Amino acid sequence: MKIRGAQILFECLKKEGVEVIFGYPGGAVLDIYHEMPRHNIRHILVRHEQGATHMADGYARATGRVGVCLVTSGPGATNTVTGIATANMDSVPMVVLTGQVPTALIGDDAFQEVDIIGITRPCTKHSYLVRDVNNLASVIKEAFYLARTGRPGPVVVDLPKDVIQAYADFKYPKKVDLPGYRPTVEAHSGQVKKAYQMLKKAKAPLIFAGGGIVISGSTEELVTLANLIQAPVTCSLMGLGGFPATVADKDGGRRPNPLFLGMLGMHGTYQANMAISHADVIFAVGVRFDDRVTGKISTFAPNARIAHVDVDPTSISKNVDVDVPIVGDCKNALQQMIEIARNEPIEGVGELRKGWLDEIAHWAEEHPLSYCRSQDVIKPQYVIEKIYELSGGEAIITTEVGQHQMWTAQFFRFHRPRGFLSSGGLGTMGYGFPAAIGAQVAYPDELVVDIAGDGSIQMNIQELCTAVCNKVPVKVAILNNHYLGLPRQWQELFYEKNYMGSDLEGSPDFVKLAEAYGAVGLRATRPEEVEPVLREAFSIKRPVLMDFHVAREEGVFPIVPPGKSITEMLLA
Amino acid sequence: MIITDGQRHTIGILVQNVPGVLARIVGLFSGRGYNIETVTAAETNEKGLTRITLVTTGDERVLSQIVKQLNKLVNIIKVYDFAETEFVDREMALIKVRAEQATRAEVLRIVDIFRAKVVDVSPHFYTLEVTGNEGKITAIMELLDQIGIVEIARTGKAALARSKKH
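Read on for an overview of the structure. (Residues numbered from 1 in each chain as written. Chains lettered and ligands numbered in written order. Predicted model: local features only at pLDDT ≥ 70, side-chain atom pairs only at ≥ 80, totals over all residues. Heavy atoms only, no water.)

## Observations concerning the overall build of chain A
Stage number 1. Secondary structure assignment for chain A yields 22 helices and 22 strands.
Stage number 2. Out of the 572 residues in chain A, the part that is buried amounts to 60%.
Stage number 3. Here chain A has roughly 21800 Å² of accessible surface; of this, 51% comes from carbon and sulfur atoms.
Stage number 4. For chain A, the separation between the mean place of its 55 positive charges and that of its 63 negative charges on side chains is 5 Å. (Helix = DSSP H or I, 4+ residues; strand = E, 2+ residues; numbered from the N terminus. Buried < 20%, exposed > 50% of the residue type's maximum accessible area, 1.4 Å probe, protein only. Areas by Shrake-Rupley, 256 points an atom, 1.4 Å probe, with all protein chains shown as cover. Lys, Arg positive; Asp, Glu negative; His and termini not counted. Charge placed at Lys NZ, Arg CZ, Asp CG, Glu CD.)

Structure representation (structure tokens):
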């Protein structure tokens, strides 16, 4: 029996286990919306298509499943570009369904026509324009397969109106036929052995873990390996939570993980940046040596031989020359290495590592992460510490991009994967709030907090309406310093305190704004108000916007000035 | 990435002949700052498969990134760097050359020497077809330039490995 394209689409989505679509209707996709109520898939109506993409992204990062959004043609499609690029940089599995004008009109500059495939080609993993309804099912199958396998990423499927109106037999293909797509999952055992031999002989080994750990779900393997070889671990921003910053105590509490050095790079900890600069062997897993991590590339890790695991071969030896390249899934490579490490353990590893770990401990003592506490003004770091404390570190935290993001990375001690959602690669302001909504849709009973700045939150503030209307009880903590904090800090340090463009005086009253949207607004202007406000917010089962008036000119430290080596940190 | 070293490489790419595949390749090169000197593309004897020959410049790291980035494209089936294997390559050029009374004989002599062909004759011009490797095309162009090349259309290089099937 032939069914319509729109129905085929939903049958496919159900086969893929899709439970929620973040979307916004328009002329080109009304046939899909018309079909939607007949299927048991939740629709979250957003207020801007960019919000839909970040929600799908947040949902995907929090769950590991493919996030789905649906938008109309033309401006609906172009509004997804930032969200697609964000997901692409951070390897987030996502399928973006865009409406398109009827095939007969493509190329004629029809109303709301745009070549979204052309526009998004450089920032997607792959994309499809479906020209024939008979291909629709196999395209959807391939799109989900591509989005979630190998190095995950966003896939755009452009759906001309006549295609979703047309009729075809529905048969969901069992397999995909992609002769040009065969990601290497199984790491080469010889290379893994070589890497282990290198680590075995190392005097100052360091594991550098990234988002690949989180994506591949190999936290357990990473912990096992680090303990076996007693190697300290530092994480990229994307890797935070992939290696636990704290471990469970006997008395039920949590204490700092002695092997964890914190984040490295531009705003990394002193000990992490010193450790990577003094390490003789670096085992890099699921990272891509971003410039925010390496600083000046010619002086990065000068003494180290590097083994590097990544499922994406282009990440290897792209920025940093690697001695032992290992293409493969992080989990697979780690499992292989653990087996080797168990068969040929490092004799007396505890004793052997003492000197190196002591040296690192010394660095940590010398310059720990810190800030000047105050009785008079709210320090932004203090708010983050309190969110950590009151949530027991269990909250799902999202961030926007800027100072608050870096303070969160520094002061919230993430102990589980998929609990920290942040735009690392693209650095997208406006990401955190919709991402929090996406995560909260997936986990309605968990505490989800977007730690935001007063600049970033205004980039997708309209999604407050989405949170209220869909009863998504996200919490937003705005660290409000009336500045675009990071640009201001750079201007202070590197541009003669010329604060051109970074002063945000004149922002709205966020409490009133929350109330106007039907959410709860709370404000704290003094340090002693921080905890009561957070407690109240966390007890309310509705969206809450918290406005913390924080010290205006607080800086993020350490900071590696642009173009400098990562050992050249400004510490305060 | 800024390309500093100007080493030339010929890359063979076997792709699925689907809409947009060439745009993906060309976009990859422009987006990542790689150079394309020449590119040729046409369907092969196997239905649905197109072979692209692309000449680029770059040092070893750049070339290795180019090959890896190309391989990452979903519609690309195979990528091979001809630096690693012996290969034959040819290109074809159509050259419109001034051919007045005084120079016709000389043009025909050059055609003969280079085993080119005259494919079109008009009162003042000959259009020549010449096939060969890059060196040969360059050589005939240099000679004809002295007589007067009016315009030229080159196909760019097509290449195949000498030994086994790629």
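## Quick look at the sheet that holds strand 2 (residues 38-43) of chain B
All names here are of chain B.
Stage number 1. Within the open sheet, the four strands sit side by side as 2-3-1-4. Their pairing is antiparallel. Both outer strands of the open sheet, strand 2 and strand 4 (76-81), are each paired with one neighbouring strand and no more. For this sheet, the mean angle separating the axes of adjacent strands, direction not counted, is 15 degrees.
Stage number 2. When strand 2 meets strand 3 (residues 49-57), the two strands line up antiparallel, connected through six bridges. Paired with Ala41 across the strands is Ile52, a residue of strand 3.
Stage number 3. This element, helix 2 (residues 60-72), spans strand 1 (8-16), strand 3 and strand 4 of the sheet and lies at about 165 degrees to strand 4. (Pairing = 2+ DSSP bridges. Axes fitted to C-alpha atoms, helices over the stretch in contact; angles between N-to-C directions. Contact = heavy atoms within 4.5 Å.)

## Description of the environment of A:Leu513
Stage number 1. Structurally, A:Leu513 is set in helix 21 (residues 510-517).
Stage number 2. Once residues lying within four places of it in the same chain are set aside, the contact partners of A:Leu513 are A:Ile461 and A:Pro508.

## Quick look at the pattern of salt bridges
Residue and element names in this part refer to chain B.
Stage number 1. One pass over the full model with this rule turns up 38 salt bridges over all chains.
Stage number 2. Note that Arg8 is salt-bridged to Glu134, the shortest N-O span being 2.8 Å. With Arg8 in strand 1 and Glu134 in helix 4 (residues 134-147), this residue pair connects regions lying 126 residues apart in the sequence.
Stage number 3. For Arg8, a relative accessible area of 39% gives the class partly exposed.
Stage number 4. Judged by its relative accessible area of 26%, Glu134 falls in the partly exposed class. (Salt bridge = Lys/Arg side-chain N within 4 Å of Asp/Glu carboxyl O.)

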